[in-house]
Amino acid sequence: MEKYYRFAGVELSVSAPDEIMYEEDRHLAPFRTDCVTKPHRFTFQRVAELSAPEGKLLASEGALAVYEGVRYVNAIGGEWKSATLRAGHCGYDHAVEVKESVYPTGITAKTVLNAIMAEHLVLEQGGVVFHCSYIAHQGRAILFTAPSGTGKSTQAELWRKHRGAEIINGDRAAIRVTEDGVMACGIPFAGSSEYCRNETLSLAAIVYLAQAPQTTIRPLRGYESFRCIWEGCSVNTWDKADISRAADLVQRIVEEIPVYYLPCTPDESAVQALENMLESR
């Protein structure tokens, strides 16, 4: 069985034997498409034991172990033998092994998302995966970013409540530089957020949030704006080419899109301050 998906310029084909094929969840379903032109093909199979790596270890980060051309997911302490999923990448073909003991009745949509190395695929299409809350207002996108727990979701909800904005994704988006300008793209990753929509819009602004006893706002420029966006980007730090490509994209983004610093209280004053700033441009 084969299913097709499209997001942020990335095309995917996912196939697996019928007996282990997953049911789509709220993350994947909005990005389903009937056809693709040149997809990355991910083929899943269950195995008793994952194949050993052949290249050298490039990185071990948390439960991820990365070797040349291969990623192991849920690798305790970075040890590949403890992993539950192995994704081998060769151009547009990706062979994915999952352990029978862990997936006795089939793979899940989350398993698929763990295998697709989205950060790299989005970079190939001129974009970066960005931690943010993504809202649509008056036909354009606004992205709220900040360290975890600062209030990205709160700001999105305030805009929904007070200005009728639509929340596209409560946790991540892709920012893509295209011939039509800088775009915000919905992607099938939303963490614990209930919002995960397939929507691509022209990007109006990126807002870096902070908690404060009163609301103020100011534009960021130069290194300040670059740092605030780079902080929210998901990049494969073991891949020098990916880091360089992502840095170039972020530089282009800050040259074209206004970035604001919004230390604020969690109420309508934050909405009003940003709205006033946007209207004054």
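Bear in mind that the values here come from a model prediction, so they are computed numbers and not experimental data. (Residues numbered from 1 in each chain as written. Predicted model: local features only at pLDDT ≥ 70, side-chain atom pairs only at ≥ 80, totals over all residues. Heavy atoms only, no water.)

Student: Can you walk me through the environment of A204 in this structure?
Tutor: Considering the arrangement of structural elements, one finds A204 in strand β16 (residues 200-211). Once the C-alpha coordinates of A204 and R140 are considered, the two residues, 64 residues apart in sequence, prove to be 5.9 Å apart. The contact partners of A204, leaving out residues within four places of it in the chain, are R140, A141, I257 and P258. (Helix = DSSP H or I, 4+ residues; strand = E, 2+ residues; numbered from the N terminus. Contact = heavy atoms within 4.5 Å.)

Student: Would you take a moment to explain unusual backbone geometry for this structure?
Tutor: Working note: non-glycine residues mostly have negative phi, and peptide bonds are mostly trans. A positive phi is found at A8, a non-glycine position, where the angle reads about 50°. Within the fold, A8 resides in the loop between β1 (2-7) and β2 (10-15). Taking relative accessible area as the criterion, A8 reaches 7% and is therefore assigned buried. (Buried < 20%, exposed > 50% of the residue type's maximum accessible area, 1.4 Å probe, protein only.)

Student: How do you make sense of the pattern of salt bridges when you look at a structure like this?
Tutor: Side chains that carry opposite charge are capable of pairing whenever their charged atoms lie near each other. Inspection of every chain in the model, using the stated rule, returns 11 salt bridges. One salt bridge in this structure joins E2 and R41, with 2.8 Å as the shortest N-O distance. In this pair, E2 sits in strand β1 while R41 sits in strand β4 (residues 40-47), placing the two residues 39 residues apart along the sequence. Classification of R41 by relative accessible area gives partly exposed; the value is 36%. The salt bridge partner of R163 is E268, with a shortest N-O separation of 2.9 Å. With R163 in helix α3 (residues 152-163) and E268 in helix α6 (residues 268-279), this pair connects stretches of sequence that are 105 residues apart. Using a relative accessible area of 35% as the deciding quantity, one classes E268 as partly exposed. One continuous salt-bridge network, built from bridges that share partners, spans R163, E268 and E275. (Salt bridge = Lys/Arg side-chain N within 4 Å of Asp/Glu carboxyl O.)

Student: Looking at this model, I keep getting lost on the pairing of β1. Mind explaining?
Tutor: Regular strands show a simple pattern: their side chains alternate between the two faces of the sheet. Of the two faces of β1, only one is covered, namely that formed by K3, Y5 and F7; the face formed by E2, Y4 and R6 stays uncovered. The pairing of β1 with β2 spans six bridges and is antiparallel. Following the sheet pairing, K3 is matched in β2 by V14. (Pairing = 2+ DSSP bridges.)

Student: How should the packing of α3 against α6 be read in this particular structure?
Tutor: Describing two packed helices takes the angle between their axes plus the distance from one axis to the other. The contact between α3 and α6 brings their axes to 9 Å, and the two run at 80°. Taken together, the axes of α3 and α6 lie roughly perpendicular to each other. Residues Q155, L158, W159, H162 and R163 of α3 lie in contact with α6, whose contacting residues are E268, A270, V271, Q272, L274 and E275. Taken together, the residues that form the contact of α3 with α6 break down as five nonpolar, three polar and three charged. (Axes fitted to C-alpha atoms, helices over the stretch in contact; angles between N-to-C directions. Parallel < 35°, antiparallel > 145°, perpendicular 65-115°, else oblique. Nonpolar A, V, L, I, M, F, W, Y, C, P; charged D, E, K, R; others polar.)

Student: Which parts of the structure should I look at to understand the side chain of R71?
Tutor: Position of R71 among the secondary structure elements: in strand β7 (residues 70-73). Within the buried set, R71 has no salt-bridge partner at all; the shortest N-O distance to an opposite charge, 4.6 Å, is to E119. The contact partners of R71, leaving out residues within four places of it in the chain, are L64, A65, V66, L85, R86, A87, H89, N114, M117, N236 and W238. (Lys, Arg positive; Asp, Glu negative; His and termini not counted.)

Student: Please clarify how helix α5 (residues 240-256) should be interpreted in this entry.
Tutor: Under the 1.5 Å per step criterion, the end-to-end length of α5 is 25 Å for 17 residues, consistent within 8% with the ideal 24 Å. Within α5, the full set of buried residues consists of D242, A246, L249, V250, I253 and V254. Across the axial projection of α5, the buried residues extend over an arc of 135°, all falling on one side. Counted as exposed and oriented over 90 degrees from the buried face of α5: K240 and E255. (Expected span 1.5 Å × (residues − 1). Arc of directions from axis to C-beta.)

Student: Explain the pairing of β16 to me, please; I cannot follow it from the model alone.
Tutor: Along β16, nine of the 12 residues are buried, which leaves the element largely enclosed by surrounding structure. Here five bridges tie strand β12 (residues 140-145) to β16, and the two strands are oriented parallel to one another. What sits directly across from T145, in β16, is Y208. The sheet contact formed by strand β15 (residues 181-185) and β16 spans three bridges and is antiparallel. Its bridge partner lying in β16, A184 is registered against L201. With six bridges connecting them, β16 and strand β19 (residues 259-264) associate as parallel partners. Bridge pairing links L209 to L262 in β19.

Just distances and angles here, no functional claims.
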